[in-house]
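# A closer look at the structure
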Amino acid sequence: APTVAPTRAPTVAGTFLCGFNTPVATGTTQYWCGMTHTNQFRTNAGRTGSTATGASGGQAGTTTDRYAYIETSGGTTGTTSVLTTPRFAVTSVGGVLSFYYHMAGATIGNLAVQTCVGTVCTTQWTQTGAQHAAETSAWTQASLMLPTGTTSVKWVATRGTSFTGDISIDTISITPGGTFPPPTVAPTVAPTFVPTATPVSAAPTTAPIAAPTTAPTAPPTVTPTAAPAVTATTTSAPVDSGASSSSGSSDDGTGVVLYIIIAGAVVVVLLVGIIVWSKTSGNDASASVVADDRVAAAFDNPVYSDAADGEAHAGAGDGYLDVDDGEAM
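Described below are features of the structure shown in this document. (Residues numbered from 1 in each chain as written. Predicted model: local features only at pLDDT ≥ 70, side-chain atom pairs only at ≥ 80, totals over all residues. Heavy atoms only, no water.)

Here we come to the pairing of strand S11 (residues 167-176). Across the 10 residues that make up S11, a large majority, seven, are buried. Summarising the sheet, strand S1 (residues 16-18) and S11 pair through three bridges and their orientation is antiparallel. Counterpart to Phe 16 in the pairing with S11 is Ile 174. Examined bridge by bridge, strand S4 (residues 66-70) and S11 share three bridges and lie antiparallel to one another. Paired with Ala 68 across the bridge in S11 is Ile 169. The sheet contact formed by strand S6 (residues 95-103) and S11 spans eight bridges and is antiparallel. Bridging across to S11, Leu 97 finds its partner in Ile 174. (Buried < 20%, exposed > 50% of the residue type's maximum accessible area, 1.4 Å probe, protein only. Helix = DSSP H or I, 4+ residues; strand = E, 2+ residues; numbered from the N terminus. Pairing = 2+ DSSP bridges.)

What follows is the structure, given as C-alpha cells:
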C-alpha cells in the first residue's frame, strides 16, 4: 500500500522527467523522482565508489549533477537490480522514451529496458558488456517508442563477474502520446510538395529553348551567304592590276635587253683579252726556241769543240750569247 500511492502521483501531468537531482522525500528515495528501485541501485554525484568503472559524474557534466547506478562492489554474478517509473496516464497512441546511459568497466553485465502494460512487461532495448572506454567517456543517449497502452518502464541492470561492472542511468524523459513517426513525416512532406510545385519546370524550359534557338540560327546563315557575293566583286577588280602587270612586264623586257647588251660587251672584252694573251705567249715561246737553237749552234762550232776545257767552252758560249744580244743574226 505505501508503494502504490507515491508511484501514481506523478502520472497526472502526462510527461515524466527525472535527472535524480530534486529531493522529493526523505530517506532512501529522496532523489528518485518517485521511482522504485531494488538491490544495488543508488544515486550519486561525482564518480562511483570503485575505480576503473562507472561514470566520473552525471550526464550534465557538473560536480553536483546526480545520477543512478548499480554498485557492483557487493552482490554476486547475475544479481539483478530494477528501477521502475511511476504509473503513466497513457493514451491509446503510446509514447516516447529517452534516457542516457554509461557502461564503463572490464566486467560490465547487461542493461535492459522493459515496457509494461499492467503487470506484463516486454524487453524493448538491451546492451551487454562495456560500451564506454573509461569513466570520463561521454554519456550515450538512447531513444525508443513506447507501445500503445504502456503503463510503466523498467531498467533491469544485471551484475557482471566483478566490482568493475557499475552501470549508470541519467536524464530520463517519457512523453505519453508522442511517437517518432509524426515528427518525421510532417517536416518531410511539407518541404517536398512546396519546392516541387513552385519551380514549374515547363515554363522555364520552354522559354529559354525557343528564344535562343531561333535568334542565333537565322542571323549567322544570312550574313555569311551575302559575304561571298561581295568577295566575288572584289575578285573582278584586280583586272586593273593586270594592266599594271603588263606595264611591269614591259619594264622587265627592257631590263633583259640591257642585260644582253652588257653580257655581250663582257664577252667581247674577254675574247680580246684571250687573243692578246695568246699572241704574247707565242712570241715568248718563239724567242725561247730561237735562243735555244742559236746556243746549240754555237756549241757545234769547231772553234769551241775542245771538250777538255770546259771553262773555255762555257766562256765562249757566254761570249757568243753576249754577241748575239748585241747583233741580230
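Now that the structure has been shown, we can carry on.
Turning our eyes to something else, we now look at the sheet that holds strand S2 (residues 36-37). Spatially, five strands are ordered S2-S5-S10-S7-S8 in an open sheet, and the strand pairing comes out antiparallel. Each edge of the open sheet is held by one strand with a lone partner, namely S2 and strand S8 (120-128).

Right, let's get into the side chain of Ser 81. Tracing the chain through its elements places Ser 81 in strand S5 (residues 80-84). Within polar-contact distance, the side chain of Ser 81 engages the backbone nitrogen of Gln 40 at 3.0 Å. In contact with Ser 81, not counting residues within four places along its chain, are Thr 38, Asn 39, Gln 40, Phe 41, Ile 70, Trp 155, Val 156 and Ala 157. (Polar contact = N/O pair within 3.5 Å; in protein donor to acceptor, adjacent residues only side chain to side chain. Contact = heavy atoms within 4.5 Å.)

In terms of burial, strand S7 (residues 110-117) is a largely internal element, seven of the eight residues being buried. With eight bridges connecting them, S7 and S8 associate as antiparallel partners. For Gln 114, the partnering residue across the bridge sits in S8 and is Thr 123. Joining the antiparallel neighbours S7 and S8 is a turn of two residues, in which Gly 118 adopts a positive phi near 70°. Relative to strand S10 (residues 152-158), S7 runs antiparallel, the two being bridged by seven bridges. If you follow Leu 111 over to S10, its bridge partner there is Ala 157.

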